[in-house]
Structures are given as C-alpha cells and as structure tokens.
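The lines below spell out each chain.
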Amino acid sequence: MPPKKDSAPAVFPPAVLENTGQAVSTVAALADIPEEDIWLAKQKSKRTRRAYKQDVQHFMRTITIRSHEELRKVDHRAVIAWERIMREIDGAAASTVRRRLAALSSLFKHLVRYGYAEKNPVSEVERPAINRREGSTLAFSQADARRLLDKPDEKTLEGLRDRAILAVGLQVGLRRAEIASLTVEDLHQNRGYDSLRITRKGGRHDALAVHPNAAMRLKAYLETAGHADDLDGPLFRPLSHNRKKQEQRRHMDPDAIDRVLRKYAKAIGIVRGYSAHSMRATFITTALENGCSLEDVQRAAGHSEPGTTKLYDRRGYNPEKSASFFATY
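What you see is a predicted model; the values in this text were computed from it and never measured.

Turning our eyes to something else, we now look at the side chain of arginine 217. Inspection of the secondary structure assignment puts arginine 217 in helix 10 (residues 212-225). Judged by relative accessible area, arginine 217 falls into the buried class, the value being 6%. At a separation of 3.2 Å, a polar atom in the side chain of arginine 217 contacts the side chain of aspartate 150. Non-local contacts of arginine 217, meaning those with residues more than four positions away in its chain, are made with Arg146, Leu149, Asp150, Arg163, Ala164 and Ala167.

Taken residue by residue, a regular strand's side chains alternate between the two faces of the sheet. Direction of pairing for strand 1 (residues 187-190) relative to strand 2 (residues 193-199): antiparallel, over a ladder of four bridges. Within the sheet, the bridge partner assigned to asparagine 190 lies in strand 2 and is tyrosine 193. In textbook terms, the turn of a hairpin is the stretch between consecutive antiparallel strands, and for strand 1 and strand 2 this stretch comprises two residues, one of which, arginine 191, has a positive phi near 55 degrees.

What follows covers the sheet that holds strand 3 (residues 205-209). The three strands lie next to each other as 1-2-3, forming an open sheet whose pairing is antiparallel. The outermost strands of the open sheet, each flanked by one partner alone, are strand 1 and strand 3. Strand-to-strand twist across the sheet, computed as the mean angle between neighbouring axes with direction ignored, equals 40 degrees.

So, on to the layout of surface pockets. The volume enclosed by the second largest pocket comes to roughly 580 Å³. Those elements giving two or more residues to the lining of the second largest pocket turn out to be helix 7 (142-150), helix 8 (157-171), strand 2, strand 3, helix 12 (276-289) and helix 13 (294-301). The residue inventory of the lining of the second largest pocket, partitioned by class, reads 14 nonpolar, seven polar and three charged.

What follows deals with the pattern of salt bridges. Oppositely charged side chains are able to pair whenever their charged atoms sit close together. With the rule as written, the count across this model stands at 24 salt bridges. Put simply, arginine 217 and aspartate 150 hold a salt bridge, and the shortest N to O gap is 3.2 Å. In this pair, arginine 217 is assigned in helix 10 and aspartate 150 in helix 7, connecting sequence segments 67 residues apart. Between glutamate 178 and arginine 175 there is a salt bridge whose closest N-O contact spans 2.5 Å. Of the two residues examined, glutamate 178 and arginine 175, each falls in the buried class. Each of Arg175, Glu178, Arg200, Asp206 and Arg299 takes part in a single network of salt bridges with overlapping partners.

What follows concerns helix 7. Among the residues of helix 7, those classed as buried are Asp144, Ala145, Leu148 and Leu149. Here the buried residues of helix 7 occupy an arc of 140 degrees about the axis, which is enough to place them on one side. As for helix 7, its buried residues are in contact with helix 8, helix 10, helix 11 (254-267) and helix 12.

Judged by side-chain charge, Lys46, Arg47, Arg50 and Lys201 come together as a positively charged surface patch. Along the chain, the position of lysine 201 falls in the loop between strand 2 and strand 3.

Let us look at the packing of aromatic side chains. Counted under the stated rule, the structure contains four aromatic pairs. Consider the rings of phenylalanine 140 and tyrosine 274, whose centres lie 4.5 Å apart with planes at 15 degrees: the pair is stacked. Here phenylalanine 140 is found in the loop between helix 6 (94-113) and helix 7, whereas its partner tyrosine 274 is found in the loop between helix 11 and helix 12, with 134 residues between them in sequence. Take phenylalanine 140 and tyrosine 274: they sit in the same class, and that class is buried. With centroids separated by 5.6 Å and ring planes inclined at 20 degrees, the aromatic side chains of tyrosine 221 and phenylalanine 236 adopt a geometry described as stacked. Remark: phenylalanine 236 occurs in the loop between helix 10 and helix 11 and tyrosine 221 occurs in helix 10; sequence separation between them is 15 residues. For the pair formed by tyrosine 221 and phenylalanine 236, the shared burial category is buried. Arginine 280 extends its terminal NZ or CZ atom over the ring of tyrosine 312, reaching a point 5.8 Å from the ring centre.

Reading guide: rules and limits
Residues numbered from 1 in each chain as written. Predicted model: local features only at pLDDT ≥ 70, side-chain atom pairs only at ≥ 80, totals over all residues. Heavy atoms only, no water. Helix = DSSP H or I, 4+ residues; strand = E, 2+ residues; numbered from the N terminus. Buried < 20%, exposed > 50% of the residue type's maximum accessible area, 1.4 Å probe, protein only. Polar contact = N/O pair within 3.5 Å; in protein donor to acceptor, adjacent residues only side chain to side chain. Contact = heavy atoms within 4.5 Å. Pairing = 2+ DSSP bridges. Axes fitted to C-alpha atoms, helices over the stretch in contact; angles between N-to-C directions. 1 Å grid on protein atoms, 1.4 Å probe; cavity = no way out; pocket = protein on both sides within 12 Å on 5 of 7 lines; lining within 4 Å. Points joined across faces, edges and corners; volume = space filled by probe spheres on them. Nonpolar A, V, L, I, M, F, W, Y, C, P; charged D, E, K, R; others polar. Salt bridge = Lys/Arg side-chain N within 4 Å of Asp/Glu carboxyl O. Arc of directions from axis to C-beta. Patch = residues over 30% accessible without salt bridge, like charges linked within 9 Å, V, L, I, M, F, W, Y side chains within 5 Å. Areas by Shrake-Rupley, 256 points an atom, 1.4 Å probe, with all protein chains shown as cover. Lys, Arg positive; Asp, Glu negative; His and termini not counted. Charge placed at Lys NZ, Arg CZ, Asp CG, Glu CD. Phe/Tyr/Trp six-rings, centres within 6.5 Å; stacked < 30°, edge-to-face > 60°. Lys NZ or Arg CZ within 6 Å of the ring centre and 35° of its normal.

Written out as structure tokens, the structure is:
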C-alpha cells in the first residue's frame, strides 16, 4: 500500500484463462495480492475501506515508509513519533488521532494474525483522551434549523433538491452518507405512513417513518426532477450544470451533502464550525427536547448503544443559564 498510489484497493481477482482453456489456480492468483490489500478488502463498508486506506497512507507518508516490507518492520517508536506529529505539529483533533491509530492497529492485528508481522506496535502507544460524555459536533438552534429548511428557493430544481436534503438531515437525522446513498424506491409507504429505507454503517438495513414535511419535500423534488419512476436509481443526484461531465444518473457524493448544508448555513449568517453532521445533532437534540424517548431516538439514529446517542444530545448546553449572563456590571 505505497502512499503514492491512490487507486482502489485490490480485490480478489477472477481466475485467468490460459490459451489451453485451463483456469489458473485462484489460490496462486491470490498469493500475489499484498496482505495489506487483503485486510482492506475484508472491511465491509466502502467508507471504512477508504478511511482506513487514507489513515495508513498518512502514517506511511509521515514516517517516509515506501514499501510493505518497511511497514511490517516498524516498532512503537515510529508510531509514537507519528502520534506526536499529529497532535503537536499538525494540531489534529483527539478523535482524528484515535481513529488513525485504530486503523493502523487494525492492520497490524491482521498482519500479526497471519504471520506477516511479529507484533502490533500500536498496542504500546497511549491514545489521546476524548470526551465520552458529550460529542463535539455543533447543533443548530430550532430557530436556525427552521431558517435553514426554508432558505433554498422552491422555484428551482436545485432549491427543491436542497430543501429535501435538509429535511432528511434535520427531520430524519440521517448521516450524510446515508442521505447520499438513498434510492428512489427507498421512499415508500408502510402502514399508511411515508417511510425511508436506509442503509446503515456496515451495510445494515433499516426503515423509518418520516416527518410529513420531509416526505412532501421529497415528492416535490422527485416530481420536478422527473426521475420518480426510476425506482432503483439514485434519489439525490448531481445537477446537469455541475462542472464534472459525468453521467447524471449517479448518487451525490457525501461531501456534496456537506457542501449543501454549509452553503445555506452561510446564507443565514452561520459561517464557522457547522457541517452536515450538525443536522444529525440537531435532530437528536430536538427530538429529545420535544419529548421523544431516548430509545426511539437511538433507533432513529441507528446507534447500537444509547450512550452513542447521548453524545449528540445538546440539551445540557443552555446559553441562557451561562454565568456570563449574570456577570452584569
């Protein structure tokens, strides 16, 4: 996995046919695949594979490692140096440092298990502490969320699409990757209610009844966009005037969902610190604030543990009760 290669990881290749018509042994073909690519290929999520690849490449670039053989021989000193560079020089967030260390540790656990490395050098490196009681994602106030929902121009296709995206984020609470991966047929009716089928992290499938306003916006967008009958096609699509001359029948990139949110946040005067994930934090906080049970919010968010949902709960942050407001001179 040399850092200069940005191509997709190798996957298990099909058997190659010789001129005689005999298939080359699949076992022999697999033996030529670097074990690092095997580790990457076994990760179930495409996003996880991309993130793990980038994290390991970051380590290799930082420590100037140019081959698999060099990588497999590193010890705890190289990992400690990397952690210190990320934390003290790059100023990376504690959560970023922990994620990168976890990716490298996962790789070395695999290499050790199959005899390609003697030990896992990450296991001896202390990871930076993070706040496990409250996450760092900022949430919008209910007033700002309302302004965001109404900001896109409903007289244009782009505005209708973006109004639907913001509704799914703020009123259904989906992750940006979940929003981007929706298909037209994911919008359906179940027991008389409009619902969305969702592909969660790790490929797990779920279905949720959605707010009537969100369903209305989705239908208005589909009607104007003209692909309501393309059931297995992408729900949210790039617009034809995008710079990239690519096929229009494709899913929006998750990063594009983030850009949509930032565009309208800036339009209402919020220019720093917010991302698409802020819609999720806003959804969770607002649902809890309005009386929804933690169990039901946890299910809507797709979290396996209630503690994860609580990380997004911003009800404890009440600016009006800040001591600063009482220090009047």
